[in-house]
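Each chain, written out:
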Amino acid sequence: MRKLSFFILLFGLVLSLCPALRADEGMWLPSLIEQGHIKDMRAKGFRLKAQDLYAVNRASLKDAIVRFGSGCTGELISDQGLLITNHHCGYGQIQQHSSVEHDYLTDGFAAMNRDEELPNPGLTVSFLVEMRDVTDSILKGVTNTMDETERQQIVEANKKEVVGSATEGNHYRASVEALYYGNQYFLFVYEVFEDVRLVFAPPSAVGKFGGDTDNWMWPRHTGDFSIFRVYASPDNKPAPYSPDNVPYVPKKSFTISLKGIRPGDFTFVYGFPGRTYQYLHSEAVRYIQEKSDPHKVRLRTLRLEVMNRAQAADPAVRIQYAAKNANVSNAWKKWQGEMKGLKRLGTVAKKQAFERRFEAWAADKPEYAGVTERLARLYDSLEPYAFARDYHTEAVLAIELFRFAGTFAGVEEWTPEAIEQVRKRSAAFFKDYVPAIDRETARRLLEEYERHVPESFRPQGGKIDVGAIFDSTLLVDSVRVGRLLAEGDTAAVRRIVDSDAAVRAFRAFTAVYKTRIEPAYKELNGQIDRLYRTYMRGMMEMPGAGKAFYPDANSTLRIAYGKVEGYRPVDAVVYEPVSTLEGVMEKDNPEIYDYNVPARLRRLYETKDYGRWAVNGTVPVAFIATNHTTGGNSGSPVLNGRGELIGVNFDRCWEGTMSDLEYDPEVCRNIALDIRYALFLIDRVGGAGYLLDEMKFAE
Ligand code: ARG
Ligand code: GLU
């Protein structure tokens with residue numbers, strides 16, 4: 001017995017990466033760098049102090065970084081509020097300002113002076129004012145023996161108090177976030193600005209160059225950036241849009257490095273990564289790799305087949321479905337990379353080995369013993385619900401008509417305001433809706449749904465007749481919907497909505513989901529989360545498990561660091577870490593929408609008229625590095641050892657997309673736009689060189 005566990009231990013040590021860390025893995029909390037990774041960072045090429053990254057009582061680099069909207073990062077590049085993020089992060093705003101006369105998606109946009117900068121209602125940017133460990137305050141009154149409901153009540157009450165006192169007497173917003181599955185809590189205080197105006201966007205042919213074909217891939221040649229400006233009240237405070245607002249003067253803005261980068265150079269990424277799952281149990285990873293990802297990919301393949309065919313046949317449809325297609329395609333492609341990466345790394349087996357090692361260690365510790373086995377059993381119970389839930393979101397709710405019906409179904413009372421809301425939503429819906437696409441998609445998705453989802457998780461009444469729903473519903477017909485909403489008689493609206501086939505179908509699916517899937521799913525997940533709290537604590541206590549833990553990403557500010565480096569994607573192929581304009585022109589093809597280089601850039605290439613942006617006879621475009629990033633890091637500053645801006649993060653390499661679950665230093669790479677390509681485009685292609693006057697450069 002002893003011998004066996006010793007063997008398991010050794011085996012585990014060799015095989016396991018979880019949670020022992022390898023080089024370049026990790027998304028670190030900025031406020032803890034000082035007592036943590038500053039030494040390692042400096043050894044690898046960082047030249048500043050921890051205080052330069054994060055400080056509360058004086059300006060530091062964190063003051064130049066924002067959460068852009070809800071899902072991206074952006075950074076300040078002038079002391080007049082100028083901000084850079086990705087083109088795909090500003091896409092919604094650029095599209096919103098576009099019309100047939102002003103097609104900023106196709107032609108790009110450049111404000112020629114402050115008056116031409118375009119306001120974006122609803123868009124906010126959030127600066128982190130302060131972050132602080134508040135674990136003691138949050139767990140005040142919590143005991144080890146109390147039941148979970150009671151614990152949650154106390155934690156929620158304490159959170160309210162902590163947030164309340166952090167925002168008392170100021171204009172800040174705050175939130176308390178759990179780290180390490182609730183073993184630690186941090187307070188995050190933000191200053192949120194609401195007047196953010198569009199300043200510059202390259203043509204989509206540059207900003208989305210390569211489209212979904214190149215998405216998640218290296219070598220990459222996308223000029224994925226856009227420029228905004230943050231405005232504030234005359235006293236430099238957040239304020240809603242007003243013509244009297246003035247450019248915000250940030251505490252800090254980035255100096256832009258024109259020195260360029262070389263393979264091996266130290267870099268770090270400072271931004272807001274969304275979600276990662278580094279400490280997941282082997283059963284959860286197995287579910288993702290063997291069931292969830294494959295099914296979701298299949299369902300999305302069906303949708304993309306229908307969309308692609310319709311879009312290829314009609315240029316108007318290509319535009320109508322462009323954003324939808326990109327959305328569906330993005331995760332579709334990522335999941336495929338993730339499945340492949342997990343399989344190649346053998347993550348499940350490694351985790352299983354680690355779990356055996358954990359149990360061997362925990363055998364004489366009642367607090368921890370059996371935790372991983374209990375997790376395994378819970379995941380076993382969870383699986384049917386998780387699977388039905390996956391189909392609910394990826395099949396049922398992927399039907400545009402059903403989601404639209406949800407708007408109607410959700411109205412409790414048809415007041416004039418409610419009608420106005422639905423009217424707005426309808427206008428947006430019909431602008432980009434092609435019923436034939438949706439009908440074909442629905443037919444195929446529901447076929448899959450009926451094949452794979454057990455009857456007990458489906459609405460009663462047998463096979464769903466997609467044809468009959470689409471034939472009889474009002475909601476595919478903009479004229480009839482318009483007429484319905486114009487009717488003043490709210491009782492009549494209610495009656496018609498209630499009897500509509502699509503609304504009824506939506507309600508039937510929702511009812512099943514809400515009664516037979518979601519409650520059990522939530523209940524089991526609650527139990528799982530609770531066990532993770534224990535498991536996580538155990539992992540951190542267990543000797544030899546590696547001491548450099550980092551909390552999973554949760555849309556809070558993090559630092560990842562690494563170096564500029566290529567990789568080997570497959571046998572016999574080596575990727576260089578830097579791409580140039582030569583590659584843009586190699587891909588140039590006027591016949592293919594996504595590769596149609598704008599004429600102006602093509603001309604510059606022919607005359608090699610790059611001005612000060614020429615580097616070895618070409619222009620650098622993008623580079624890859626070993627920084628550990630994820631969704632949400634889009635738009636993040638990529639910085640050199642001096643904290644100068646060298647690039648803007650916009651993607652990850654496909655072979656490394658499993659890094660949300662397991663990071664592999666061999667192939668995990670973030671993809672950044674070389675800042676010099678952005679400057680070249682602003683200056684030589686966009687004709688907005690005047691913007692450079694307010695930036696600071698390090699030559
Ligand atoms: N893959 C990048 C990210 O996850 C870019 C997505 C937008 N671009 C696209 N072609 N769909 O968000
Ligand atoms: N494009 C992603 C984003 O929007 C970043 C890619 C990733 O690392 O997932 O945040």
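Preceding this section is the structure that the text describes.
Each value, and the rule that gives it
For every chain, the first residue of the written sequence is number 1, and numbering continues from 1 along that sequence. All chains are assigned letters beginning with A, and all ligands numbers beginning with 1, in the order in which they are written. Predicted model: local features are reported for residues with pLDDT of at least 70 only, side-chain atom pairs are reported and counted for 80 or more only, and whole-chain, interface and lining totals are derived from all residues. Each side-chain value is worked out from all heavy atoms of the structure, with water and hydrogens disregarded. Under the DSSP-based scheme used, a helix requires at least four consecutive residues in state H or I and a strand at least two consecutive residues in state E, with every element numbered from the N terminus. Radius of gyration: C-alpha atoms only; globule rule: 2.2 Å multiplied by the number of residues to the exponent 0.38. Burial classes follow relative accessibility: with a 1.4 Å probe on protein chains only, a residue under 20% of its type's maximum area counts as buried, one over 50% as exposed, and anything between as partly exposed. Whether two residues are in contact is decided by their heavy atoms: any pair within 4.5 Å suffices. Per-residue and other accessible areas follow the Shrake-Rupley method at a 1.4 Å probe size, with only the shown protein chains counted as cover for residues. We count Lys and Arg on the positive side and Asp and Glu on the negative side, and we leave His and both chain ends out. For charged residues, the charge sits on one atom: NZ in Lys, CZ in Arg, CG in Asp, CD in Glu. Throughout, near means a residue has at least one heavy atom within 4 Å of the molecule or strand. Any N or O atom pair separated by 3.5 Å or less is treated as a polar contact, with the protein-specific requirement of one donor-capable and one acceptor-capable atom, and with residues adjacent in sequence counted only for side-chain atom pairs. Take a side-chain nitrogen of Lys or Arg and a carboxyl oxygen of Asp or Glu: if they are within 4 Å of each other, that pair is a salt bridge. Take the number of residues in a helix, subtract one, and multiply by 1.5 Å to get its expected span. Being paired, for any two strands, means DSSP has found at least two bridges between them. Here, a disulfide means two cysteine sulfur atoms that sit within 2.5 Å of each other. Here, patches come from residues exposed beyond 30% relative accessible area and free of salt bridges, joined within 9 Å for like charges and within 5 Å for nonpolar side chains (Val, Leu, Ile, Met, Phe, Trp, Tyr).

Trainee: Describe in detail the overall build of the protein, supporting the description with residues and values.
Mentor: The number of helices and strands found in the protein is 24 helices and 20 strands. For 699 residues, the compact-globule estimate of 2.2 N^0.38 gives 27 Å, and the C-alpha radius of gyration of the protein, at 26 Å, lies within 12% of that figure. For the protein, the C-alpha atoms occupy an extent of roughly 75 × 70 × 60 Å along the three principal directions. In the protein, which comprises 699 residues, the share counted as buried stands at 56%. The long-range fraction of contacts in the protein, counting pairs at least 24 apart against all pairs at least 6 apart in sequence, stands at 77%. For the protein, the accessible surface area stands at approximately 30,000 Å², while carbon and sulfur atoms represent 51% of it. In the protein, the 89 positive side-chain charges and the 94 negative ones have mean positions that sit 3 Å from each other.

Trainee: Lay out the environment of F272 with the relevant residues and their values.
Mentor: Relative to the helices and strands, F272 is located in the loop between β13 (266–271) and α10 (282–313). Residue F272 is classed as buried on the basis of its relative accessible area of 3%. In the structure, F272 is positioned 364 residues away from S636 in sequence and 7.5 Å away in space, judged by C-alpha atoms.

Trainee: Got a sec to walk through the site of ligand 1? Specific residues and values, please.
Mentor: Near ligand 1, the surroundings consist of H88, G211, D212, N215, W216, A326, N330, F650 and D651. The side chain of N330 places a nitrogen or oxygen atom 2.9 Å from a nitrogen atom of ligand 1. Expressed as a share of its isolated accessible area of 340 Å², the protein-covered part of ligand 1 is 83%. Counting only elements with at least two residues in the shell around ligand 1, the list comes to α9 (211–214), α12 (322–345) and β18 (645–652).

Trainee: Which residues make up the pattern of salt bridges, and what are the values?
Mentor: All chains considered together, the criterion is met by 45 salt bridges. With its nearest N and O atoms 3.6 Å apart, the salt bridge here joins E694 to R114. Of this pair, E694 sits in the loop between α24 (675–685) and β20 (696–698) while R114 is found in the loop between β4 (109–110) and β5 (118–119), placing the two residues 580 residues apart along the sequence. Across the pair R443 and E440 runs a salt bridge, and its minimum N-O distance is 3.3 Å. Of the two residues, R443 and E440 are both situated in helix α17 (residues 435–452); the distance of 3 residues between them amounts to about one turn of the helix. One salt-bridge network, held together by shared partners, links E283, R286, E290, K291 and E383.

Trainee: Any details on α17? Residues and values, ideally.
Mentor: Along an α-helix, residues three or four apart share an orientation, since each turn contains 3.6 residues. With 18 residues, α17 extends 25 Å between its outermost C-alpha atoms, agreeing within 8% with the 26 Å of an ideal straight helix rising 1.5 Å per residue. If you check which residues of α17 are buried, you get I437, D438, T441, A442, R444, L445, L446, E448, Y449 and E450. Packed against the buried residues of α17 are α10, α11 (315–320), α14 (371–396), α15 (400–409), α18 (466–472) and α21 (501–541).

Trainee: Just give me the short version of the environment of Q289, but keep the residues and values in it.
Mentor: By the element assignment, Q289 lies in helix α10. Each C-alpha atom, one on Q289 and one on L342, is 6.9 Å from the other, the two residues being 53 residues apart in sequence. Excluding residues that lie within four positions of it along the chain, Q289 makes contacts with P294, M339, L342, K343 and V348.

Trainee: Can you tell me about the side chain of D552, naming the residues and giving the values?
Mentor: Positionally, D552 belongs in the loop between α21 and β14 (558–563). R558 provides the closest opposite charge to the buried, salt-bridge-free D552, at an N-O distance of 7.3 Å. A distance of 3.1 Å separates the side chain of D552 from the side chain of T276, its partner in a polar contact. Ignoring anything within four residues of it in the chain, the contact list for D552 reads Y181, T276, Y277, Q278, Y279 and R558.

Trainee: For the pairing of strand β19 (residues 670–674), give the residues involved together with the corresponding values.
Mentor: With respect to burial, β19 is a largely interior element, 5 of its 5 residues being buried. Inspection of the sheet shows strand β16 (residues 620–625) paired to β19 by 4 bridges, in the antiparallel sense. Bridged to I624 within β19 is I671. The pairing of β18 with β19 spans 5 bridges and is antiparallel. Residue pairing in the sheet places V648 in a bridge with L673 of β19.

Trainee: Residues and numbers for the state of the cysteines, please.
Mentor: Taken as a whole and assessed by the stated rule, the structure comprises 1 disulfide. Cysteine C653 remains unbridged, with the sulfur of C668 as its closest cysteine sulfur at 9.1 Å. A residue is classified by how much of its surface remains accessible, and C653, at 0% relative accessible area, is buried. By relative accessible area, C668 is classed as buried at 2%.

Trainee: Lay out the site of ligand 2 with the relevant residues and their values.
Mentor: Contacts to ligand 2 come from H88, W216, T630, G631, G632, N633, S634, F650, D651 and R652. S634 is positioned such that a nitrogen or oxygen atom in its side chain is 2.5 Å from an oxygen atom of ligand 2. Within the side chain of R652, one N or O atom sits 2.7 Å away from an oxygen atom of ligand 2. Top contributing element to the shell around ligand 2 by residue count: β18, with 3 residues.

Trainee: Provide a residue-level description of a positive patch on the surface, including the pertinent values.
Mentor: A contiguous patch of positive charge, built from R42, R47, K49 and R642, is present on the exposed surface. Secondary-structure assignment places R47 in the loop between α2 (38–44) and α3 (50–53). The exposure class assigned to R47 is partly exposed, which follows from its relative accessible area of 48%.

Remember, this is a structural readout, not a statement about activity or role.
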